[in-house]
Protein chains: 2
Amino acid sequence: MKINKDMPAEEHSGPLMADVARLAGVAISTVSRALANPGRVNEKTRAKIDAAAKQLGYTPNAMARGLRVGKSNVVMIILPGSLYYGVSQVIPLVLQGINRSLSQNGYHLMIANLDRDEVSERHILDLAFGGTVRGAIILSSDLPVDGGRSLKDSALPIVSLLFDMSHVALPSVVTNDRQAVRDATAELVALGHRRFLYLAGPQGNYHDNERYLGAVEALAAAGLPETAIVRSGGSLDYQHGFQIGVAAATEFANLPLRPTAVIATSDDMAISFMSCVQRMGWKIPADLSIVSFDGAPVCEYSLPPLSTIEQPVEEMGQMAVNLLMERIDAPEKGAAIRHVIASKLIRRESFGPAPLEPDDFRSVRPKI
Amino acid sequence: MKINKDMPAEEHSGPLMADVARLAGVAISTVSRALANPGRVNEKTRAKIDAAAKQLGYTPNAMARGLRVGKSNVVMIILPGSLYYGVSQVIPLVLQGINRSLSQNGYHLMIANLDRDEVSERHILDLAFGGTVRGAIILSSDLPVDGGRSLKDSALPIVSLLFDMSHVALPSVVTNDRQAVRDATAELVALGHRRFLYLAGPQGNYHDNERYLGAVEALAAAGLPETAIVRSGGSLDYQHGFQIGVAAATEFANLPLRPTAVIATSDDMAISFMSCVQRMGWKIPADLSIVSFDGAPVCEYSLPPLSTIEQPVEEMGQMAVNLLMERIDAPEKGAAIRHVIASKLIRRESFGPAPLEPDDFRSVRPKI
DNA sequence: GGCCGTTTAGCAAACGTTTGCCAAAAATCG
DNA sequence: CGATTTTTGGCAAACGTTTGCTAAACGGCC
């Protein structure tokens, strides 16, 4: 007779492996082996066990297995906090791509939001150090820290997506931002543009630096002075990119020497910028060419359709997962590799030749 | 002497509760009580334990705890599959809202994609029956099923978000779609509109029915015939809503009796529709009024700004989480309640009086 | 029938917690 | 100061798997 000294799981619903074993007339260990290690067990018994399992609707308890083998089958994605500055348009695609790849590898996806508060950082570290997750994909340039613990110190395999974190030893999947902007800017120069406006994202953002540098390099290569480009935005105070575009529009309107081409760090800000300046009376692309970043589907349907430098996020997500899987299988293998995926400029109508400059272009302002 | 017969966790990184206990000079059980049950332990010992834990960087193993107590602290969100038909714009907001609420309750968020394939359904059921998740929030109208097992049969607390699933005993958080469309349509009627186009989402979608009925009811109330509204779209073949809008635009152009007002099931399709018809030469809102659904931030920056019926998704997510928490705490309490949250029409420029009808309106077609 | 090679049964020890129960200590009271 | 009540600490058994080991069962072969 069994003495029930403690009473933990009063509501433990499902069938156990022991039930399957009983029904199939085999030992528990055989069931375990049949379900996990193929080949370790006779095909006939295996079929019997499978049938029994199906009949009972048996599902192995993931926590028990995880505890025993010391591994989980969950990967977390750490999203930048409060949030999604420019990339809100593209987040669902990222998630979908990553989730699909993980599924194929038998993993599940957990979301962690890196808000700027202590609680969220603690939660992330609890997941990392508490054995809940097996690996992480991070979409932010700073790693969470909380009282002594730091993600960096964890043994957790991590790969960085969109941001280049190879300098802190994280394998990173990025696009060739700088190159892409350089090319796009060069094209704009070839189209006659001589004055540029750059819409920046959050201060110090990795992409910002890269992209801005790309533009600057292209100007230098064309023999244009550095003053040919004006940088706008760069505040962290905005909830999302749209607001940056709105602010930039008024800034644009007040510039004494108005640029004829705009390069935006994200589609969000380009869309709102474009909307505002058009309502102020400028024509796109007649007065102003615009090109932005991310390749959000909605760009195709703005007025005019927005040229954007597409980040192939699905492909990138897949690659990030692959890298993570490698890291999981062989933790020490390979130092931080930077994988660069080519982004490509999708040319749409927002992109055209520079307007002819009237002699008094300084005072030119369209009538509404 | 300890015999090491099996060798499971070769790489077990972190400190254990036993280490904390040793460092603090107390028993393991005391540590456990100190960390979990406040008040069950002397304040002084507690401080000692906290210090020791922090010094070691100790994080409790979630799987061990979960196994012992028979509960996890993970909730999954089941997203409609291949996917995000119309709501892609709004998914990040939903996720963020839900994640924030869950965090406050000490839960983590796991993503499950309900693609239409067997693998994804199996994964979801593994999560549900394998004890990995403690509850689920579902954004789809059909529940996953896989060989014998069905989500419906699981003891898992589930709440439905956006879709009314109260008829299958799931607490549901929805907006008053029908009412909102009825009101919006009535307003359009009052503005002189007499012919409507309705852009539908995937066939049989709950929202579609509701919203379409709302429009029909408004027409009936105004004494207009049912033929006053034309229904377009409704195919499942499109990857996302944008394509529905494009297809609807050509359909619109070919209608002999052109509608003067358009009601779209999602912002996505409204945006692409609007873009297309404007490029064909129609003026919005002069020739055509448009109103859509979801309240995506981007609507504010379309040209013209798009009127949209906002679904307060953050609030809805929060409510869904609250309902789920109730269900978790008291599984049998309360049958399937339907919580209706008011959506509100955000009136923007895409919404205006009906154009004056020339006598030969049948042949009217703007010149480009 | 004896021998050998596969399979499977059975056992038991983990994995790292939580928790009921009892003993010990501390606090309170007469 | 001893007795009684309250609080706190420690022991050990679970939670549901996996896995190494040994021994037994089974089948085929000479």
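Below is a short write-up of the structure. Since the model is a prediction, treat every value here as computed from it, not as a measurement. (Residues numbered from 1 in each chain as written. Chains lettered and ligands numbered in written order. Predicted model: local features only at pLDDT ≥ 70, side-chain atom pairs only at ≥ 80, totals over all residues. Heavy atoms only, no water.)

**Overview of the overall build of chain A**
No. 1: From N to C terminus, chain A includes eleven helices and 14 strands.
No. 2: A burial count over chain A gives 54% of its 368 residues as buried.
No. 3: Summarising the internal contacts of chain A: among those between residues at least 6 apart in sequence, 72% fall at separations of at least 24.
No. 4: Here chain A has roughly 16200 Å² of accessible surface; of this, 53% comes from carbon and sulfur atoms. (Helix = DSSP H or I, 4+ residues; strand = E, 2+ residues; numbered from the N terminus. Buried < 20%, exposed > 50% of the residue type's maximum accessible area, 1.4 Å probe, protein only. Contact = heavy atoms within 4.5 Å. Areas by Shrake-Rupley, 256 points an atom, 1.4 Å probe, with all protein chains shown as cover.)

**Details of the sheet that holds strand β2 (residues 108-114) of chain A**
No. 1: Strands sit in the order β13(A)-β7(A)-β6(A)-β3(A)-β1(A)-β2(A)-β2(B)-β1(B)-β3(B)-β6(B)-β7(B)-β13(B) across an open sheet of twelve strands; the sheet is mixed. Taken across any chain shown, the strands that pair with only one partner, and hence form the sheet edges, are β13 (338-341) of chain A together with β13 (338-341) of chain B. For this sheet, the mean inter-axis angle between neighbouring strands, taken without regard to orientation, is 25°.
No. 2: Against the sheet, helix α6 (residues 118-129) of chain A engages β1 (74-80) and β2 of chain A together with β2 (108-114) of chain B, with an angle of about 150° to β2(A). (Pairing = 2+ DSSP bridges. Axes fitted to C-alpha atoms, helices over the stretch in contact; angles between N-to-C directions.)

**Observations regarding the pattern of salt bridges**
Residue and element names in this part refer to chain B.
No. 1: Inspection of the entire model under this criterion finds 24 salt bridges over all chains.
No. 2: Between Arg46 and Asp50 there is a salt bridge, with its nearest N and O atoms 3.9 Å apart. Of the two residues, Arg46 and Asp50 both sit in helix α3 (residues 43-56), four residues apart, roughly one turn of that helix.
No. 3: By relative accessible area, Arg46 is classed as buried at 18%.
No. 4: Judged by relative accessible area, Asp50 falls into the partly exposed class, the value being 35%.
No. 5: With its nearest N and O atoms 3.0 Å apart, the salt bridge here joins Arg149 to Asp126. Taken as a pair, Arg149 in strand β5 (residues 149-150) and Asp126 in helix α6 (residues 118-129) lie far apart in primary sequence, 23 residues in all. (Salt bridge = Lys/Arg side-chain N within 4 Å of Asp/Glu carboxyl O.)

**So, the relation of the copies chain B and chain A**
No. 1: For the pair chain B and chain A, the best superposition has an RMSD of 0.1 Å and corresponds to a rotation of 180° with a translation of 0.0 Å parallel to the axis. The symmetry that links the two subunits is that of a two-fold axis. Considering only C-alpha atoms, the residue of chain B closest to the rotation axis is B:Met110, which sits at 2.1 Å.
No. 2: When the interface residues of chain B are mapped onto chain A, 100% of them again fall at the interface, so both copies present the same face. (Least-squares fit on C-alpha atoms with pLDDT ≥ 70 in both.)

**What to know about the protein's contact with DNA strand C**
No. 1: Lining the immediate surroundings of DNA strand C are 30 residues, of which A:Thr30, A:Asn42, A:Thr45, B:Ser32 and B:Arg68 lie closest.
No. 2: For DNA strand C, the fraction of atoms within 4 Å of the protein that belong to sugar or phosphate moieties is 67%.
No. 3: Contact distances for DNA strand C include 2.2 Å between a phosphate oxygen and a side-chain N or O atom of A:Thr30.
No. 4: Within the backbone of B:Asn61, an N or O atom sits 3.5 Å from a phosphate oxygen of DNA strand C. (Near = heavy atom within 4 Å. Polar contact = N/O pair within 3.5 Å; in protein donor to acceptor, adjacent residues only side chain to side chain.)

**Here's the deal with the pairing of strand β3 (residues 135-138) of chain B**
Residues and elements named next belong to chain B.
No. 1: In β3, alternate side chains face the same way, and those of Gly135 and Ile137 on one face and Ala136 and Ile138 on the other are all buried.
No. 2: Judged from the three bridges that link them, β3 and strand β6 (residues 158-161) form a sheet pairing that is parallel. Bridge assignment links Ala136 to a residue of β6, and that residue is Ile158.

**Focus on the sheet that holds strand β12 (residues 307-310) of chain A**
Residue and element names in this part refer to chain A.
No. 1: The strand order β9-β8-β10-β11-β12-β14 describes an open sheet built from six strands, whose pairing is mixed. Among the strands making up the open sheet, the edge pair consists of β9 (229-233) and β14 (344-346). Shown here is a sheet whose adjacent strand axes are inclined to one another by a mean of 20°, direction ignored.
No. 2: Pairing analysis gives three bridges linking β12 to β14, with the strands arranged antiparallel. What sits directly across from Ile309, in β14, is Leu345.
No. 3: Helix α9 (residues 241-254) rests against β8 (196-200) and β9 of the sheet, and its axis sits at about 135° to β9.

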